[in-house]
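Chains, contacts and geometry: an overview
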Amino acid sequence: MNKKISTVLFYALMFFMSLLMIFPFLWMLSTSLKYDSQVFTVPIEWIPDPVNWSNYVKVWTEEPFLIFYKNTAFVAVCATAGQVFISALAAYAFAKIKFAGRNFIFGLYIATMMVPWHTIMIPQYQIISSLKLTDTHLSLILGQLASAFGIFLLRQFFMTVPDDLVEAARIDGAGEFRTFGKIMLPQAKPALATLVIFTFIQVWNDYMAPLIYLNSRHKYTIQLGLKFFQSEHTMQYTVIMAGTVCALIPILIVFLIFEKQITDGMVHSGLKG
Amino acid sequence: MAIKRLEISRRRVRQNLIGWCFILPSLLAFTLFMFLPILLGFWYSLTDYTGLSKDYGFIGLANYARMFQDRYFKVSIKNNCIYAIWYSVLTMLVSLFLASLLNRLSRCRKFFRIAFFMPYISSMVSVAIIWKMIFNPQGGPLNTVLAQLGADSLPQWLASTTWALYAVIIVSVWKNAGYYMMIFLAGLQNVPGSLYEAAALDGAGGWQKYFRITLPLISPTIFLNMILVTISSFQVFDLISVMTDGGPGMSTNVLAFRIYQEGFRQMHMGYASSIAYFLFAVILVITLIQFAVQKYWVNYD
């Protein structure tokens, strides 16, 4: 009996905490459908009456959100593909090929994990700007290519693939690149998926790099666009919330569909990193 | 014999060549965007570089000396330390608490996971914008609820120099606790159930089991999370940039924000680089201390 009561209490507590977690999102959604006069009412009006859709119309007509989406998707896809490909090549060499200097280079890469991005962002900016690449999407992509974390994660996984498998392919006369592409990559799908998810979400949500590198509005990513949209509509809460919903929707949809993979992937990468 | 040795050494050369081919792309990327910036940044920190003109000179450790005269810098350290302590302690406690609860519940797990992970998956910018409104002192939902609960003097949150930093802390904990909760949960699920049964036979109560068995067994996970949380507590930027812009006054100015302001707004890139290296040193020292102390409390078997 005692146990039953405590279980019920635990569930109640957990539901209350979940509500606290979701509450800001619900408030955002509800506010985005209100008129200004309905925003700060006591008690809070959760389902607006009447419902006001015009905030969304305003967002889409005043702000090039579609271009922001496109820019962000382009940067995120290229940066993820580039980083995962480069990391996989290096991780394969570190895991399965014995070559001079292997441990030294690997050690150097891993050491960079200790350096926070804020420490190198100024010199990185100077390098990008001396390549005449500021205010381009390429600058954002290039900044993501060197990932010690990605190499480490994939190397860990590649090492669990038995050497025999690789040796067999080599004896069959498959070149090293074929062995990599035909044997290793298909084996490593879970690890690759983890890295893809992790990098994609990180780039999609990145704010500071776009803030530093981009100047022209039509090149903005969604985060930067949203930030400036917000500061230009300071007092128009309903419109800002509609904009925020638009910015959040894609990633939330992806999250709800691939919830299991995303949570596991991100937790897994935290455990490994 | 000689032919065989030649064969082996040719094979070795080939292996070396292939190995270096595979790491070449990453080596280029690391050299250009990691190694070079790390060295270049340190060099900038020893100069009066503005970022605008190529005409700058070596000034030794003057930038580092200047930091300790700089009122703004000192305030940002103080703020960052307050933030780091509150954020780390609260995030650890909340996430461990939630994970321990969740570990005992078998139903609705999917729902809980989604609810607690949603803030983590959302961008800092959107989350900061939402909370900025929730914190609105006149009629924002938070103060509305507080007033209904009977609080007489309501905090002004982001408009107040005393409360703004704590508002930032609240949002950070809310946003990240779900992530660390999931890592804790993974650790908790590795604790073998047989240990609890044995302890129950010995007459151990629930709390005793938790403190004597659970916590020691997940101490490696606690350690991992502690490292991750403290490192991230010195890198907070997005939230502050969007929610408070370092204000009101200097009240939420932290190290990363200071680097951005000095480097990209005031165009003191040399001086900003010295703060950036200071930040690096702080993170390094704290991490090293944690690794040194871990052997006294982390249990690896």
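What you see is a predicted model, and the numbers here were worked out from it, not measured in a lab.

1. Brief notes about the overall build of chain A
Looking only at helices and strands, chain A has 14 helices and zero strands in total. Mapped from its N terminus to its C terminus, chain A presents α and β elements in the order α-α-α-α-α-α-α-α-α-α-α-α-α-α. Here the C-alpha radius of gyration of chain A, 24 Å, is well above what a compact globule of 273 residues would show, namely 19 Å. With respect to the three principal axes, the spread of C-alpha positions in chain A is 75 × 70 × 35 Å. Counting over 273 residues, chain A shows a buried share of 46%. Contacts in chain A between residues at least 24 apart in sequence constitute 76% of all its contacts with a sequence separation of at least 6.

2. As for the overall build of chain B
If you tally the helices and strands in chain B, you get 13 helices and zero strands. Counting helices and strands in the order they occur from the N terminus, chain B gives α-α-α-α-α-α-α-α-α-α-α-α-α. The C-alpha atoms of chain B give a radius of gyration of 25 Å, which is well past the 19 Å a tight globule of 301 residues would have. Across the 301 residues of chain B, 41% fall into the buried class. Here the analysis covers contacts within chain B between residues at least 6 apart in sequence; of these, 70% occur between residues at least 24 apart.

3. Description of the domain arrangement of chain A
Residue and element names in this part refer to chain A. Here chain A is partitioned into domain 1 (2-52) and domain 2 (59-272). Relative placement of domain 1 and domain 2: their C-alpha centres are 34 Å apart. Counting residues at the interface gives nine residues for domain 1, matched by six residues for domain 2. Residue composition of the side of domain 1 that touches domain 2, by class: four nonpolar, three polar and two charged.

4. Focus on the confidence of the model for chain B
Across chain B, the average pLDDT comes to 89, with 99% of residues at or above 70. For this predicted complex, the interface confidence comes out at an ipTM of 0.88, alongside a pTM of 0.89.

5. Looking at the interface of chain B and chain A
Contact residues are listed per partner, giving 72 residues for chain B and 69 residues for chain A. Tallying contributions element by element places helix α1 (residues 2-45) of chain B first for the side of chain B that touches chain A, with 20 residues. The residue makeup of the side of chain B that touches chain A, split by class, is 54 nonpolar, 15 polar and three charged.

6. Things to note about the nonpolar core
Ranked by size, the top nonpolar core spans 159 residues in total, and within it A:Tyr92, A:Leu154, B:Ala128, B:Val168, B:Met181 and B:Leu279 carry the most contacts. Among the elements that line this core, the one with the most residues is helix α7 (residues 164-188) of chain B, at 16 residues. When residues of this core are sorted by domain, at least three fall in each of domain 1 (2-52) and domain 2 (59-272) of chain A. Ignoring anything within four residues of it in the chain, the contact list for A:Tyr92 reads A:Phe158, A:Phe180, A:Met184 and B:Phe22.

7. A closer look at the environment of B:Glu197
Locating B:Glu197 in the fold gives a position in helix α8 (residues 193-201). C-alpha separation for the pair B:Glu197 and B:Ile275, spaced 78 residues apart in sequence, amounts to 54 Å.

8. Considering helix α10 (residues 189-205) of chain A
All names here are of chain A. For α10, spanning 17 residues, the distance from its first C-alpha to its last is 24 Å, which sits close to the expected 24 Å at 1.5 Å a residue. Counting buried positions over the 17 residues of α10 gives twelve, a clear majority of the element. Buried residues of α10: Ala191, Leu192, Thr194, Leu195, Ile197, Phe198, Thr199, Phe200, Ile201, Val203, Trp204 and Asn205, and no others.

Quick notes on the rules
- Residues numbered from 1 in each chain as written.
- Chains lettered and ligands numbered in written order.
- Predicted model: local features only at pLDDT ≥ 70, side-chain atom pairs only at ≥ 80, totals over all residues.
- Helix = DSSP H or I, 4+ residues; strand = E, 2+ residues; numbered from the N terminus.
- Rg over C-alpha atoms; globule rule 2.2 N^0.38 Å.
- Buried ≥ 20, exposed ≤ 12 C-beta atoms within 10 Å, placed from the backbone.
- Contact = placed C-beta atoms within 7 Å.
- Domains from an automatic or database assignment.
- Nonpolar A, V, L, I, M, F, W, Y, C, P; charged D, E, K, R; others polar.
- pLDDT = per-residue confidence, 0-100.
- Core = buried A, V, L, I, M, F, W, Y, C linked by C-beta atoms within 7 Å.
- Expected span 1.5 Å × (residues − 1).

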